[in-house]
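Now for the letters of each chain:
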Amino acid sequence: MPGLDYFSTETPASPAPTTFSPETSSSTAPATGVYYNARLDPKNYLEGPLSTNPATRLRQMLARPGIVVAPGICDGISARCALEAGFNCMYQSGAATTASRLGQPDLAIATMNDFVQSAQMVCSLDPTVPVIADADTGFGGPANVARTVTQYARAGVAGLHIEDQVQTKRCGHLMGKQVVSREEFLTRIRAAVIARDSIPGGSDFVIIGRTDSAQVLGMEEAITRLKLAADAGADVCFIEGVKTEELLRSTVAALAPKPVLVNVISGGLTPSFTTQEAETMGAKIIIFSLVSCVAMVHAVRAAMQSLKKTGTDFTSAKGMDPKSFFEVMGLNEVIELDSKAGGSAFEVV
């Protein structure tokens, strides 16, 4: 069904309920064209236990104190390792997913279906843990962007980010980027918001507006674009390639009260801020896009070189036998489920 028109200053016939108090809400209607949905006000997510719905849980985490730390994952193994380490949010990196699924660089080679199929698997491992997923440019015009949001939400993703690069995009930490016009970027954001609000039952799916324009048009234009994206309904703002602490602090201040996401890639455009440093600078989400896949390259390279040289994998295995490996992949949970259901196939493994 079509979503309600949250871009109008007119009061809808059945307005969405709100729980925020008069002293914390605006005394005047939002300006024409500025998105307003009282149901999604952050103040509505401050109280109560964390939801088992990943999108609702992500909104609760954004509304409450503390920075959201989301390590980049690229496949089931890296996701299992992130969960084992105790992370309560994960980031499906477009670059990492393209590398893992296709063995290709982050140059707009992967499709929406590649990302959705990966997300379905990752989100199924622990459906309560929010997964933020890269959606590149939305994979086309407004109809494509809307379809992307719908497919990601159905896959169990908690939120996505859509950027303002041209369709033949590249990793945000490479040179030579090109961006679309402000209006085309805002069309993508509006399409994503409308699609989210059209999901039956009222979805909490989080829309993150990302701009890559800082390296192309300058920080002033990047801030302007994200302010406009926030007016269009983006829940979180993401400037790719913030090069200094001062720029991150000024970005947070300029976009307040919207939460700001910072992407840290070792050797990339953004300094290697720690989670504590980023939180001190005011960032609300920090993602480490390539933490898993870069580590995998180093580990697998070393293992392959060792095997080639020595003729055995004994050293690289580091004592991990097959059962120990499968335990990381959820072996004990599968055995427990089989036993509870009356099965006996895995009494001995």
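See the structure shown above.
These figures come from a predicted structure and were not determined experimentally.

Caption draft 1: The nonpolar core, seen in detail. Counting 61 residues, the largest nonpolar core has Met90, Tyr152 and Leu248 as the members making the most contacts within it. Tallying contributions element by element places helix H6 (residues 182-197) first for this core, with seven residues. If you look at the next biggest cluster of nonpolar residues, it comprises 17 residues, including Val68, Ile132, Ala158 and Val236.

Caption draft 2: Spatial organisation of the sheet that holds strand S7 (residues 260-263). Strand order around the closed barrel formed by eight strands is S1-S2-S3-S4-S5-S6-S7-S8, with parallel pairing between neighbours. This sheet shows a mean twist of 25° between the axes of neighbouring strands, independent of strand direction. Relative to S7, helix H9 (residues 245-255) is tilted by about 155°, and along the sheet it contacts strand S6 (236-239) and S7.

Caption draft 3: Focus on empty space enclosed by the protein. Enumeration according to the criterion identifies one cavity of 30 Å³ or more in this entry. Here the largest cavity defines a volume of roughly 90 Å³. In the lining of the largest cavity, the residues fall into five nonpolar, five polar and five charged.

Caption draft 4: The environment of Gly233, seen in detail. Secondary-structure assignment places Gly233 in the loop between helix H8 (219-231) and S6. By relative accessible area, which is 3% here, Gly233 ends up buried. As for Gly233 and Tyr36, which are separated by 197 residues in sequence, their C-alpha atoms are 7.4 Å apart. Here Gly233 is in contact with Tyr35, Val193 and Arg196, once residues within four sequence places are set aside.

Caption draft 5: Representation of unusual backbone geometry within the structure. In this chain, Ala256 is followed by Pro257 through a cis amide linkage whose omega measures 5°. The residue Pro257 is located in the loop between H9 and S7 in this model. With a phi close to 65°, Ala108 is a non-glycine residue in the positive phi region. In this fold, Ala108 is placed in the loop between helix H3 (94-102) and helix H4 (112-125). Even without being glycine, Asp136 reaches a positive phi, approximately 50°.

Caption draft 6: Examining H6 more closely. Along its 16 residues, H6 runs 23 Å from first to last C-alpha, staying within 8% of the 22 Å computed at 1.5 Å per residue. For H6, every residue scored as buried is listed here: Phe185, Leu186, Arg188, Ile189, Ala191, Ala192, Val193, Ala195, Arg196 and Asp197. Where the residues of H6 are buried, they touch helix H1 (54-63), helix H5 (142-155), strand S4 (159-162), strand S5 (206-211) and H8.

Rules used throughout
Within every chain, residues take consecutive numbers counted from 1 along the sequence as written. Side-chain atom pairs in this predicted model are given and counted only at pLDDT of 80 or more, local residue features only at pLDDT of at least 70, and totals for whole chains, interfaces and linings cover all residues. Just so you know, side-chain values use all the structure's heavy atoms and leave hydrogens and water out. Among the buried residues, those of types Ala, Val, Leu, Ile, Met, Phe, Trp, Tyr and Cys that are joined through side-chain atoms within 4.5 Å form a nonpolar core. Here the term buried applies to any residue with accessible area under 20% of the maximum for its type, exposed to any over 50%, and partly exposed to those in between, with areas from a 1.4 Å probe on protein chains only. The way it works is that DSSP assigns letters per residue, a run of H or I at least four long becomes a helix, a run of E at least two long becomes a strand, and they are numbered from the N terminus. Between any two strands, pairing holds if DSSP finds at least two bridges. Where helices are involved, their axes are fitted lines through C-alpha atoms of the stretch in contact, as for all axes, and angles between N-to-C directions lie from 0 to 180°. Two residues qualify as a contact provided that any one of their heavy atoms is within 4.5 Å of a heavy atom in the partner residue. Here a cavity is any set of points on a 1 Å grid over the protein atoms alone where a 1.4 Å probe fits but cannot get out, and a pocket is any open set with protein on both sides within 12 Å along at least 5 of 7 lines; a residue lines the site when it has an atom within 4 Å of a point. Grid points are joined across faces, edges and corners, and a volume is the space filled by probe spheres set on the points. Under the convention adopted here, Pro, Cys and the residues Ala, Val, Leu, Ile, Met, Phe, Trp and Tyr are nonpolar, Asp, Glu, Lys and Arg are charged, and Gly plus all remaining residues are polar. To estimate how far a helix should extend, the number of its residues minus one is multiplied by 1.5 Å.

The quantities given are spatial measurements derived from coordinates; they are silent on function.
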